[in-house]
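Each chain, letter by letter, is given below.
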Amino acid sequence: CSMCHGAGLMNAPKFGDKDGWKARNAQGLDTLVEHALKGFNSMPAKGGNPALSDNEVASAVKYMANEAGAGF
């Protein structure tokens, strides 16, 4: 997650960037988790790490979204 979300690679919203995450967070946690698990636009499924469990991915999504103001 941090490789792309840390630097904003491939149009990923940067970690902690409230403006970058605002529209995504508005979609809701379930949608964000689904996108992270299955892949969406340039983001590969599970961030390109198939060894991650669904719960690990969901936890990372929730953490990043909340750090950008989501309140999930």
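The rules behind the values
Residues numbered from 1 in each chain as written. Predicted model: local features only at pLDDT ≥ 70, side-chain atom pairs only at ≥ 80, totals over all residues. Heavy atoms only, no water. Helix = DSSP H or I, 4+ residues; strand = E, 2+ residues; numbered from the N terminus. Contact = heavy atoms within 4.5 Å. Salt bridge = Lys/Arg side-chain N within 4 Å of Asp/Glu carboxyl O. Buried < 20%, exposed > 50% of the residue type's maximum accessible area, 1.4 Å probe, protein only.

Draft legend 1. Representation of the side chain of H35. Tracing the chain through its elements places H35 in helix α3 (residues 29–38). If sequence neighbours within four positions are ignored, H35 has contacts with Q27, F40 and M43.

Draft legend 2. A look at the pattern of salt bridges. Taken as a whole and assessed by the stated rule, the structure comprises two salt bridges. With its nearest N and O atoms 3.6 Å apart, the salt bridge here joins E34 to K38. Remark: K38 and E34 occur in helix α3; sequence separation between them is four residues, near one turn of the helix. Two residues, K46 and D54, come together in a salt bridge whose shortest N-O distance is 3.0 Å. Judged by its relative accessible area of 19%, K46 falls in the buried class.

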